[in-house]
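A structural walkthrough
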Amino acid sequence: MATRRGFLLKSSVSVLAIGLPQVGFSFSKAPFAPKFSHSLDVVAKLFDGKQCWVHPRAGTVDGSKEVVMTMSTLDLEGSDVFKGMYQILSKNGGKTWTEPRKSEPLAPRMETVDGVEHPVAAADFWPKWHSKTGVLLGIGHTIVYTPEWKVASPRPRHTAYSVYDPQAEDWLPWKKLEMPEGEVFFSAGAGCVQRLDLPDGSILLPIYYKPLGKNSRVVVCHCSFDGKELRFLKKGNSLKVDNDTRGLHEPSLMEFGGKYFLTIRNDLQGYITTSADGLHYTAIKPWTFDDGSLLGNYNTQQHWVRHSDALFLVYTRKGADNDHVFRHRAPLFMAQVDPEKLAVIRDTEVVLVPERGARLGNFGVTEISPKETWVTVSEWMQPEGVEQYGSDGSVYVAKIKWKKRNKLFGK
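Remember, predicted model here, so these are calculated numbers, not experimental data. (Residues numbered from 1 in each chain as written. Predicted model: local features only at pLDDT ≥ 70, side-chain atom pairs only at ≥ 80, totals over all residues. Heavy atoms only, no water.)

Counting its secondary structure elements, the protein chain contains 1 helix and 30 strands. Relative to the globule expectation of 22 Å for 411 residues, the C-alpha radius of gyration of the protein chain, 20 Å, shows essentially globular dimensions. Considering only C-alpha atoms, the protein chain reaches an extent of 55 × 50 × 45 Å along its principal axes. For the protein chain, the residues scored as buried account for 61% of the 411 residues in total. Here the protein chain has roughly 16,700 Å² of accessible surface; of this, 52% comes from carbon and sulfur atoms. (Helix = DSSP H or I, 4+ residues; strand = E, 2+ residues; numbered from the N terminus. Rg over C-alpha atoms; globule rule 2.2 N^0.38 Å. Buried < 20%, exposed > 50% of the residue type's maximum accessible area, 1.4 Å probe, protein only. Areas by Shrake-Rupley, 256 points an atom, 1.4 Å probe, with all protein chains shown as cover.)

In this section: the pairing of strand β23 (residues 303-307). With 5 of its 5 residues buried, β23 lies for the most part within the structure. Neither face of β23 is exposed, since H303, V305 and H307 on one face and W304 and R306 on the opposite face are all buried. Across 5 bridges, the pairing between β23 and strand β24 (residues 310-315) is antiparallel. Its bridge partner lying in β24, R306 is registered against L311. The loop that links β23 with its antiparallel partner β24 comprises 2 residues. (Pairing = 2+ DSSP bridges.)

This structure, assessed with the given rule, holds 13 aromatic pairs. When the ring of Y164 is compared with that of W171, the centres are 5.2 Å apart and the planes differ by 65 degrees; the resulting orientation is edge-to-face. Among the aromatic residues, ring-to-ring pairing joins F36, F312 and W402 into one connected group. When the ring centre of Y208 is taken as origin, the NZ or CZ atom of R157, which lies over that ring, is 4.4 Å away. The positively charged end of R346 is found above the aromatic ring belonging to F289, 3.8 Å away from the centroid. (Phe/Tyr/Trp six-rings, centres within 6.5 Å; stacked < 30°, edge-to-face > 60°. Lys NZ or Arg CZ within 6 Å of the ring centre and 35° of its normal.)

A separate point is the confidence of the model for the protein chain. Predicted confidence across the protein chain gives a mean pLDDT of 92, with 92% of residues reaching 70 or more. Long-range and interchain partners of residues 1-27, a stretch whose pLDDT sits below 50, account for 69 contacts in this model, where long-range means more than four residues apart. (pLDDT = per-residue confidence, 0-100. Contact = heavy atoms within 4.5 Å.)

Strand order in this open sheet of 4 strands is β3-β4-β5-β7, and the pairing throughout is antiparallel. Either end of the sheet is taken by a strand with one partner, and the two such strands are β3 (51-60) and β7 (101-102). In this structure, β3 lies alongside strand β4 (residues 67-75), joined through 8 bridges in antiparallel fashion. Across the sheet, residue C52 finds its bridge partner in β4, namely L74.

On to the pattern of salt bridges. One pass over the full model with this rule turns up 19 salt bridges. Close ionic contact of D392 with K45 constitutes a salt bridge, the shortest N to O distance being 3.2 Å. Pair noted here: D392 is in the loop between β29 (372-378) and β30 (394-402) and K45 is in strand β2 (residues 36-45), with a separation of 347 residues, a long-range link. Here R101 ties to D170 by a salt bridge, and the two come within 3.8 Å at their closest N and O atoms. Placement of the pair is R101 in strand β7 and D170 in strand β12 (residues 170-171), with a sequence separation of 69 residues. Given the relative accessible area of 11%, D170 is considered buried. Linked by salt bridges that have partners in common, K45, R356, E379 and D392 make up one network. (Salt bridge = Lys/Arg side-chain N within 4 Å of Asp/Glu carboxyl O.)

Written out as structure tokens, the structure is:
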């Protein structure tokens, strides 16, 4: 049913319909863990045999009930072909949403690369409110395509960013973060990363980069932001793996208890590392459960959910009767992290979003209020045939509702 300004009411997913008994239940097993309940809404849907939605991530506007969610279309016939970025808006904290609308300032544009015109898209975007300057800042990276819309290789890659204009209800044209010159950062970007804003307004931005002829590495950059321009200031130590993989990708950063935690994607397994200053990190360690067994996450991202009483990891993994899912990227789990052992506490694991054949590995986390945190994700409808398990291209908002206020909200 339509409501004012074209908003559409999206109903919550039935617990019984998705076979997820945890949804809506109060949950707390680990000592001192904050109790919470969680529910699941479907806010958009696209699967027409040609495209589906991917990368849905949301940001709040000025601590109000206004939420902006961006997402990209994916061409199902190609690999990582993103031809447009769209947005949906909620003015009432996610109760109702607009229909998806294409953002022209975030659209791909033509650029000359090695003397040839190529389409270049801003993608893997993540909006987040920047409290110091009072703007919604979205950060992602660029993808250079061949004229036939295939991902170019090797290709230059940059961190892309944009600021939201609440009056126009759209974004400003995306820009590129200027990095130090040289081959080291020929391909460097912040796609799908969870950044950390510091009290002075500067930003700790984890990126991954690929020096020519080598696999990808991860580094955290310290950047300034004045509400308009994002500028590189300095970087920490580089992290790498020497195994026969594509390297390290899609790092996400969080501070908890005075320590910085960085989680990282790798083809074989996810990694965790920590830092005392946010820039310089210890040797990476494979993610495990608290009993020492491997977590089973591999070749996809993990992100953080933070409450003042506990730190949580959101992830996918093997061993969940999900061998039919591409790279085991569903269901989407959340569990509390032991910050001393750097391990996931197995007894706290819950399913946030159920598995219906499609992958759920590309997602985002948004702090909505001191009482609520969201995890947003879509059903990525590749490879062909995933719909036989029930997926239909739904875009989900998993709402985590804290029983106790999150004292770190907005920090």
